[in-house]
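Here is how the chains run, residue by residue.
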Amino acid sequence: MHPEVTRTPAAGGAATPPHVVVVGAGIAGLAAARALLAQLPGARVTVLEAGPRTGGKLRLGEMAGQPVDLGAEAILNRRPEAVDLAREVGLGDSLVYPLTTSAGVWTRGAVRRLPRTVMGVPADLGALGDSGIVGRRAVPRARLERAMRRLDVTEDVGIGRLVARRMGGELRDRLVEPMLGGVYAGRADDLSLHAAVPQLVPAIAEHGSLTAAASVVAANSPSAEPVGQATATPVFAGIDGGVARLASATEAAVRAAGGEVRCRVTVREISRTRIGFRLVAGPTIAPEKVDADAVVLATPAVASARLLRSVAPRAAADLAGVDYASMALVTLALEASSVSGDLHGSGFLVPPVDGRDVKAVTFSTSKWGWHSPELVLARCSIGRYGDEQQLQHDDTELVASAVMDLREAVGLRGRLVDTTVTRWGGALPQYAVGHVDRVRRIREAVADVPGLAVCGAAYDGLGLPACIASGTEAATRVAERLRGRETMVP
């Protein structure tokens, strides 16, 4: 239990609780607000969201009368933050695990079973050779990597360039590219080893080999495949009715604890005052001024850079350098009784070298048991960093492209019941080489401004657990600052 915190009153005045404003109501901002209310009893916590709803990249929709996730649809279960939050906000009984995690790669004329990898870096070269994903010369070439000069990754490097140099370009093109394209919608050559695949770094330092490091990391990680009925610790989890329920349940918990959540309120400026911060929000013709003792910025890097320009200019300069990728999610609902095709497994990845429009497909009804058995749901991702021209097509064209690729890949045919195209413009931050150092500089600059913290997907990870951890840590930094400067009231 934390003691109640109040502002030190002016002479003859009454003590007032501190006011913390969280800007942005994605899952990181909601997690920050919830942590602030828990750590600062009696404090006012206000969440300001520019959009019409909370949840950020968590969005629940409806297709053919059934709820569907139109954003993130899975939780990494290896980290505890998201599943713990789900339990804490009343969704513990709704946690579910995939019926299958078997996945494939559509390349070289077929969907081929994806062997075990660490973010695309193969952990079993024998299984890779058997898969047919790469040509017959690629695996012998990759085996030579262990005999190469000891690898030093003290300096950051693009993971794609590293794999191509050490193991051959085909492994980069047909394994690492589709895997990182599925996660970041990015390009493997430009994505940071230290930020995008940090688990490999200490293993490389110990073993001096990319091949050996991937094997060791994979051996020490939970298997992605069910053993018997289920793994002891499933790699992924979901929520019955949609992962987006986590956002709405967390918002409800924030409100129940006394927090205020306001949507359609755009914060345009932040400046420092003698005792804290002043935020200017709302339309330019009728601005609203909001005073706060502390601020947590849970906005994308571009928005955070704009807001921090006068408050923390060094942080703003680094944040402005974080690029983002845009993508579209084409969700297809087909009448199950009419469907034909080989839909075994949870879906497949598509290497960009093969020139397809679709970069990844998830068969939601094969993966999650809570969907209606009367439907087959396929989620098709389109768009990569630098390929935004694909997204210039209208919704009808994107649906047609997805249908065509599915027919060619797995022979999927059936009566379309419903389609939805969800466009995520500038949604996925790109962790470029040097990202870890960039984040360190941002945090150091922000730490120089008492009562200010930042959080979200732009920093330490795109997944739900990483974003929740980021929000919670930002709240803790702010709470510690306020408890240190204010009067403690038992």
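Located above this text is the structure these notes cover.
Residue numbers restart at each chain and count upward from 1, following the sequence in its written direction. Note on the predicted model: pLDDT of at least 70 is required for a residue's local features to be given, and 80 or more for side-chain atom pairs to be given and counted; whole-chain, interface and lining totals, by contrast, use all residues. Note: side-chain values were computed over all heavy atoms of the structure, leaving out hydrogens and water.

1. Observations concerning the sheet that holds strand β18 (residues 324-335)
Strand order in the open sheet made by the seven strands is β9-β8-β19-β20-β21-β18-β22, with mixed pairing throughout. One side of each edge strand has no neighbouring strand; the edge strands of this open sheet are β9 (110-113) and β22 (416-429). The sheet shows a mean angle of 25° between the axes of neighbouring strands, taken without regard to direction. Of the strand pairs in this sheet, strand β20 (residues 358-363) and strand β21 (residues 375-382) are connected by five bridges, and their pairing is antiparallel. Bridging across to β21, A360 finds its partner in S381. Note on definitions: a residue-residue contact is assigned when non-hydrogen atoms from the two residues lie within 4.5 Å. The axes used here are C-alpha line fits, helices contributing only the stretch in contact, and every angle between their N-to-C directions lies in the interval 0 to 180 degrees. Only DSSP runs of H or I with at least four residues qualify as helices, and only runs of E with at least two residues qualify as strands; both kinds are numbered from the N terminus onward. Against the sheet, helix α6 (residues 169-184) makes contact with β8 (103-107), β18, β19 (347-349), β20 and β22, and its axis sits at roughly 95° relative to β22, the strand it touches most. Any two strands between which DSSP finds at least two bridges are classified as paired.

2. Some points on the pattern of salt bridges
Pairing of side chains with opposite charge becomes possible as their charged atoms draw close. Salt bridge criterion: a side-chain nitrogen from Lys or Arg within 4 Å of a carboxyl oxygen from Asp or Glu. On inspection of all chains with the given rule, the structure shows 23 salt bridges. In this structure, R187 engages D387 in a salt bridge whose closest nitrogen and oxygen atoms are separated by 2.9 Å. You can see R187 sitting in the loop between α6 and α7 (193-196) and its partner D387 sitting in the loop between β21 and α14 (395-410), a full 200 residues away along the chain. Between D318 and R441 there is a salt bridge, and its shortest N-O distance comes to 2.8 Å. Residue D318 is found in helix α12 (residues 313-319), and its partner R441 is found in helix α15 (residues 435-447); the two are separated by 123 residues along the sequence. Where salt bridges share partners, they join E170, R174 and D354 into one cluster.

3. A look at the sheet that holds strand β2 (residues 19-23)
In a beta sheet, neighbouring strands are held together by backbone hydrogen bonds and run either parallel or antiparallel to one another. Strand order in the open sheet formed by five strands is β13-β3-β2-β17-β23, and the pairing between neighbours is parallel. Looking at strand neighbours, the two that pair on one side only are β13 (260-262) and β23 (452-454), the edges of this open sheet. Across the sheet, the mean angle from the axis of one strand to that of its neighbour is 15°, orientation sign disregarded. The pairing of strand β3 (residues 44-48) with β13 spans three bridges and is parallel. Its bridge partner being in β13, L48 is matched across the sheet by R262.

4. Looking at the environment of D318
Classification of D318 as buried rests on a relative accessible area of 13%. Spatially, the C-alpha atom of D318 lies 9.8 Å from that of H435, the residues being 117 residues apart in sequence. Leaving out residues up to four positions away in the same chain, D318 has contacts with R438, R441 and I442. Only protein chains enter the accessibility calculation, which uses a 1.4 Å probe. A residue is then buried if its area is under 20% of the maximum for its type, exposed if over 50%, and partly exposed in between.

5. Describing the environment of T472
Its location among the elements puts T472 in helix α16 (residues 464-485). On the basis of relative accessibility, which here comes to 30%, the residue T472 falls in the partly exposed class. Separated by 443 residues in sequence, T472 and G29 place their C-alpha atoms 8.7 Å apart. With near-sequence residues (within four places) excluded, T472 lies in contact with A31, A35 and Q39.

6. As for the nonpolar core
The nonpolar side chains of a soluble globular protein tend to be buried, and buried together. Put simply, buried Ala, Val, Leu, Ile, Met, Phe, Trp, Tyr and Cys residues joined by side-chain atoms within 4.5 Å make one nonpolar core. Of all hydrophobic cores here, the largest spans 47 residues; its most connected members are V22, I27, L36, I75, L246, V296 and V478. Top contributing element to this core by residue count: helix α1 (residues 27-39), with nine residues. The contact partners of V296, leaving out residues within four places of it in the chain, are V21, V22, V23, A32, L36, A453, C455, A474 and V478. Counting 43 residues, the second-largest nonpolar core is a separate cluster that includes V121, I159, Y184 and L191.

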